[in-house]
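Listed here are the chains, written in short residue letters.
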Amino acid sequence: HLQIDSAEYRRALPRGAVSALHGGRFADAADLLEQQWRLAGPSHAALTRRLEALAGAGQARAAVGLARKHEKTLAGGVRAWIGNLQTVAARLAEADQLLLQGNTPEGLWRFGALARAHPREATLCANLALTHRRLGRLELAAAGYRVALTWSPTEEWLWTDYGLLL
């Protein structure tokens, strides 16, 4: 990585990192946030953003390792990241339960709402795609898997599910 040490770079770094994160460029965001961490030092908010970026870039092991390393000193940042994951996981489980109970329209609506609220969450996109596949909506299923693979192209299970559709 090219290291630029200037006052202007240090001032622009936080905006660039957040822009990359919100733009779905998770690997870029992770790199920029790591540089910001080194220049400005750790904080709860910086840790939460770094964890989000690493996880979004498909580097779950690195995210978990970083969370474990700082769980005592920056517990607030770790809790915020885990809280976001738990909320999404709970809503995902509710939608899945509705489908298992045969309430397909409500389950489909919930999966769609979750995918729209968290468009960069590959698991949500894949679950919505699986629901479409189960309902015989194959074109929508294929589109959902392609979106999921855009965000997590190294996840083997996504490729397997997409391959089963084809």
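Residues numbered from 1 in each chain as written. Predicted model: local features only at pLDDT ≥ 70, side-chain atom pairs only at ≥ 80, totals over all residues. Heavy atoms only, no water.

**Points about the nonpolar core**
Link 1 in the chain: In this structure, Ala 29, Leu 47, Leu 51 and Ala 53 are the most contacted members of the largest nonpolar core, which totals 19 residues.
Link 2 in the chain: Those elements giving two or more residues to this core turn out to be helix 1 (7-22), helix 2 (26-40), helix 3 (44-56), helix 4 (60-70) and helix 5 (75-100).
Link 3 in the chain: Not counting the four nearest positions on each side in its chain, Leu 47 is found in contact with Trp 37, Leu 66, His 70, Leu 74, Gly 77 and Val 78.
Link 4 in the chain: Listed in part, the 13 residues of the second largest apolar core include Ala 129, Ala 141, Leu 158 and Tyr 162. (Core = buried A, V, L, I, M, F, W, Y, C linked by side-chain atoms within 4.5 Å. Buried < 20%, exposed > 50% of the residue type's maximum accessible area, 1.4 Å probe, protein only. Helix = DSSP H or I, 4+ residues; strand = E, 2+ residues; numbered from the N terminus. Contact = heavy atoms within 4.5 Å.)

**Topic: the environment of Leu 140**
Link 1 in the chain: Among the secondary structure elements, Leu 140 is positioned in helix 8 (residues 138-151).
Link 2 in the chain: Linking Leu 140 and Ala 113, residues 27 residues apart in sequence, is a C-alpha distance of 15 Å.

**Points about the pattern of salt bridges**
Link 1 in the chain: A full pass over the atoms with the stated rule returns 2 salt bridges.
Link 2 in the chain: Ionic pairing is found between Arg 25 and Asp 28, a salt bridge with its closest N-O pair at 3.8 Å.
Link 3 in the chain: Residue classification places Arg 25 among the partly exposed positions, given a relative accessible area of 42%.
Link 4 in the chain: Between Arg 38 and Glu 34 there is a salt bridge whose closest N-O contact spans 2.5 Å. One end of the pair is Arg 38 and the other is Glu 34, both in helix 2 and 4 residues apart, which spans about a single turn. (Salt bridge = Lys/Arg side-chain N within 4 Å of Asp/Glu carboxyl O.)

**Describing the layout of surface pockets**
Link 1 in the chain: A volume near 830 Å³ is recorded for the largest pocket.
Link 2 in the chain: Ala 55, Gly 56, Leu 85, Arg 120 and Glu 121 are the residues nearest the centre of the largest pocket, which is lined by 28 residues in total.
Link 3 in the chain: Of all the elements, helix 5 adds the most residues to the lining of the largest pocket, at 6 residues.
Link 4 in the chain: Residue classes in the lining of the largest pocket are distributed as 17 nonpolar, 7 polar and 4 charged. (1 Å grid on protein atoms, 1.4 Å probe; cavity = no way out; pocket = protein on both sides within 12 Å on 5 of 7 lines; lining within 4 Å. Points joined across faces, edges and corners; volume = space filled by probe spheres on them. Nonpolar A, V, L, I, M, F, W, Y, C, P; charged D, E, K, R; others polar.)

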